[in-house]
Amino acid sequence: IAGARATVLPRSVEQGALVIGTTHPAATVEYEGRRVRVSPDGVFAIGIARDAGSPAVVVVAQPANPRTGHRIEGRPRDWPVERITGVPPKTVKPPPGIAARIAREQAEVSAARTRDDARADFAQAFRWPVQGRISGRFGNARVYVLPDATDVPQTPHSGMDIAAPSGTPVQAPAPGV
């Protein structure tokens, strides 16, 4: 293991950003109390939360060097709120069977997000999975307005939705599991 190599991170990012950094391949990197995997090339990635405060601090310990906190200033981002009227109440408040299925699927998504594989697919260019109108963006929030004018706020969106006709082939945006 050779000597130190500069850790490179952006000075500032918007809330909700994916941050890709580089450091010594044998360094340890921590963010938000969790260890972050560093690739054999010294590349690592962290996600800045939608509502993250500033600064984000990434702690890096390179071989034979002390732990160093790298500050990334967070810039507030405007997260639009979409008010939607005319949605059937059973869509806003699904019946028990559908609510249970949604809960199971969310648990699977949460479990998948805990994976820590020795992969660096995040460092490659992503491709669009399908061509179409963007119908939902990461971080945006929706408020469903029921027929009785009751507002039902939803959790912020955790992905991107692209509208396309049913049956349209969809490709993976990058290698992965």
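Structural data are supplied above this passage.
Once a new chain begins, its residue numbering starts again from 1 and follows that chain's sequence as written. Local features in a predicted model are, by the rule used here, given only for residues with pLDDT of at least 70; side-chain atom pairs are given and counted only at 80 or more, and totals for whole chains, interfaces and linings are based on all residues. Water and hydrogen atoms play no part in the side-chain values, which are based on all heavy atoms of the structure.

Enquirer: Whenever I open this one, the sheet that holds strand β3 (residues 28–31) confuses me. Can you help?
Expert: What links the strands of a sheet is backbone hydrogen bonding, and the strands pair in either a parallel or an antiparallel sense. By definition, two strands form a pair when at least two bridges between them are found by DSSP. Elements are defined by DSSP. Helices are runs of H or I of four residues or more, strands are runs of E of two residues or more, and each kind is numbered from the N terminus. Pairing in this open sheet of five strands is mixed, and the strands run β1-β7-β6-β3-β4 from one edge to the other. Looking at the sheet topology across the chains shown, the edges are occupied by β1 (12–14) and β4 (34–36). Going across the sheet, the axis of each strand differs from the next one's by a mean of 35 degrees, ignoring polarity. In terms of strand pairing, β3 meets strand β6 (residues 56–61) through four bridges, oriented antiparallel. In the strand pairing of β6, Thr 28 is matched with Ala 61. For helices, the axis comes from a line fit to the C-alpha atoms of the stretch in contact; other axes are also lines fit to C-alpha atoms, and the angle between any two N-to-C directions lies between 0 and 180 degrees.

Enquirer: Would you mind going over the side chain of Ser 39 with me for this structure?
Expert: Relative to the assigned elements, Ser 39 resides in the loop between β4 and β5 (43–47). In contact with Ser 39, not counting residues within four places along its chain, are Pro 25 and Ala 120. Contacts are assigned to residue pairs with any non-hydrogen atoms lying within 4.5 Å of each other.

Enquirer: Can you help me understand the pattern of salt bridges in this one?
Expert: When their charged atoms lie close together, side chains carrying opposite charge are able to pair. Take a side-chain nitrogen of Lys or Arg and a carboxyl oxygen of Asp or Glu: if they are within 4 Å of each other, that pair is a salt bridge. All told, the structure shown has nine salt bridges when counted by the stated rule. The partner of Asp 151 in a salt bridge is Arg 83, and the shortest N-O contact between them spans 2.9 Å. On the criterion of sequence distance, the pair formed by Asp 151 in strand β11 (residues 151–153) and Arg 83 in strand β8 (residues 81–85) is long-range, its members being 68 residues apart. Relative accessibility decides the category of a residue: with a 1.4 Å probe and only protein chains considered, values under 20% of the type maximum give buried, values over 50% give exposed, and everything between is partly exposed. Residue class for Arg 83 comes out exposed when judged on its relative accessible area of 52%.

Enquirer: Is there a simple way to think about the side chain of Gln 62 in this case?
Expert: Tracing the sequence through the fold places Gln 62 in the loop between β6 and β7 (67–75). Under the relative-accessibility criterion, Gln 62 is labelled buried at 9%. Reaching out from Gln 62, the side chain makes a polar contact with the side chain of Thr 7 at a distance of 3.1 Å. The term polar contact refers here to a pair of N or O atoms within 3.5 Å; inside protein, the definition further demands a hydrogen-donor-capable atom paired with an acceptor-capable atom, and it admits residues adjacent in sequence only when both atoms are side-chain atoms.

Enquirer: Would you mind going over the nonpolar core with me for this structure?
Expert: General note: in soluble globular proteins, nonpolar side chains tend to be found buried as a group. In these notes, a set of buried Ala, Val, Leu, Ile, Met, Phe, Trp, Tyr and Cys residues joined through side-chain atoms within 4.5 Å is what counts as a nonpolar core. One finds Ile 46, Ile 48, Val 58 and Ile 72 to be the most contacted residues of the largest nonpolar core, which totals 17 residues. Looking at this core, the elements with two or more residues in it are β3, β5 and β6. Per-element accounting of this core gives the leading share, three residues, to β6. Counting six residues, the second largest nonpolar core, distinct from the first, contains Ile 84, Val 92, Tyr 144 and Val 152.

Enquirer: Help me understand unusual backbone geometry in this model?
Expert: The amide bond that connects Ser 54 to the next residue, Pro 55, takes the cis arrangement and shows omega of 0 degrees. Mapped onto the elements, Pro 55 comes out in the loop between β5 and β6. Even without being a glycine, Ala 64 presents a positive backbone phi close to 65 degrees. With a relative accessible area of 84%, Ala 64 lands in the exposed category. Even without glycine at this site, Ala 149 takes up a positive phi of about 75 degrees. Among the structural elements, Ala 149 can be located in the loop between β10 (141–145) and β11.

Enquirer: Would you explain the environment of Met 160 in this entry?
Expert: Tracing the backbone through its elements, the reader meets Met 160 in the loop between β11 and β12 (161–163). Met 160 sits 73 residues away from Val 87 along the chain, and the two C-alpha atoms are 20 Å apart. If we ignore the near neighbours within four places in the chain, the residues touching Met 160 are Trp 128, Ile 134, Gly 136 and Arg 137.

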